[in-house]
Amino acid sequence: MFVILLRFSANRSEAARLMDGHNAWLKKGFDDGAFLLAGSLKPEGGGAILAHGMTRDELMARLQQDPFVAEDVVRVELHEIAPGRADERLAFLKVAA
C-alpha cells in the first residue's frame, strides 16, 4: 500500500490549466482500482492519494502520467506501508504473510 503526497512546487501557477487532465488521471486510477482515496492537503499544500495493488515501479510509472507531475506542478513524496494491523473494514490491505 502506498501513501502519495503531491506537494505543490514553484510551478503551482499552472495547476488551473492542467486541472482537467489531472482529474481525468485521478478518475482512471479509481476506475482501475489502483486508488482508494484522494484529497487535498490542508491548507493548500497539494494533494494526497492512497493506492494499492501495484509495485512501486508500476506506481511511479502511473504517477509520471499525471499532468501535475509531468509539468512540475507538484513533487511526489511516496511512502510504502506494509500493513500488519487493520480494522476489518480495511483487512484487504494487509500484506499476506
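You'll find the structure just up there.
Residues numbered from 1 in each chain as written. Predicted model: local features only at pLDDT ≥ 70, side-chain atom pairs only at ≥ 80, totals over all residues. Heavy atoms only, no water.

Spatially, E2-E3-E1-E4 is the arrangement adopted by the 4 strands of the open sheet, whose pairing is antiparallel. The two strands at the open ends of the sheet, each matched to only one other strand, are strand E2 (35-41) and strand E4 (74-80). Looking at each pair of strands side by side, their axes are set apart by 15 degrees on average, direction ignored. (Pairing = 2+ DSSP bridges. Helix = DSSP H or I, 4+ residues; strand = E, 2+ residues; numbered from the N terminus. Axes fitted to C-alpha atoms, helices over the stretch in contact; angles between N-to-C directions.)

Let's shift gears to helix H2 (residues 56-64). Among the residues of H2, Leu-59, Arg-62 and Leu-63 are the ones counted as buried. One side of H2 holds all its buried residues, which, seen down the axis, span an arc of 100 degrees. (Buried < 20%, exposed > 50% of the residue type's maximum accessible area, 1.4 Å probe, protein only. Arc of directions from axis to C-beta.)

What follows is about the packing of aromatic side chains. Counted by the stated rule, this structure contains 2 aromatic pairs. Between Phe-30 and Phe-35, the aromatic rings sit 6.0 Å apart at their centres with planes inclined by 85 degrees, giving edge-to-face as the arrangement. A relative accessible area of 38% means that Phe-30 is categorised as partly exposed. Given a relative accessible area of 3%, Phe-35 falls into the buried group. Here the basic side chain of Arg-12 rests over the ring of Phe-8, its NZ or CZ set 4.2 Å away from the ring centre. When the ring centre of Phe-35 is taken as reference, the NZ or CZ atom of Arg-62 above it lies at 5.7 Å. (Phe/Tyr/Trp six-rings, centres within 6.5 Å; stacked < 30°, edge-to-face > 60°. Lys NZ or Arg CZ within 6 Å of the ring centre and 35° of its normal.)

This part covers the pattern of salt bridges. Considering all chains together, one arrives at 9 salt bridges under this definition. A salt bridge links Asp-32 to Lys-28; its shortest N-O distance comes to 2.9 Å. Look at Asp-32 and you get partly exposed, because its relative accessible area is 41%. Of the charged contacts in the structure, one is a salt bridge between Glu-80 and Arg-56, with a shortest N-O distance of 3.6 Å. Pair noted here: Glu-80 is in strand E4 and Arg-56 is in helix H2, with a separation of 24 residues, a long-range link. When salt bridges that share partners are traced, they join Lys-28, Asp-32 and Arg-62 into one network. (Salt bridge = Lys/Arg side-chain N within 4 Å of Asp/Glu carboxyl O.)

Further remarks concern the nonpolar core. Grouped together as the largest cluster of nonpolar side chains are 19 residues, with contacts concentrated most on Ile-4, Leu-6, Phe-35, Ile-49, Ala-51 and Leu-59. Breaking this core down by element, the ones donating at least two residues are strand E1 (2-8), helix H1 (15-31), strand E3 (46-51), H2, helix H3 (67-70) and E4. Per-element tally for this core: the top contributor is H1, with 4 residues. Look past the residues within four positions of Ala-51 in its chain and what remains in contact with it is Met-1, Phe-2, Ile-4, Ala-34, Phe-35 and Leu-59. (Core = buried A, V, L, I, M, F, W, Y, C linked by side-chain atoms within 4.5 Å. Contact = heavy atoms within 4.5 Å.)

Of all 6 residues in E3, 5 are buried; the element is thus mostly enclosed. Looking at chain direction, E1 and E3 are connected through 6 bridges and run antiparallel. Bridge assignment links Val-3 to a residue of E3, and that residue is Leu-50. Pairing analysis gives 6 bridges linking E2 to E3, with the strands arranged antiparallel. Within the sheet, the bridge partner assigned to Gly-39 lies in E3 and is Ala-48. Joining the antiparallel neighbours E2 and E3 is a turn of 4 residues, in which Glu-44 adopts a positive phi near 45 degrees.

That is the geometry; function is a separate question.
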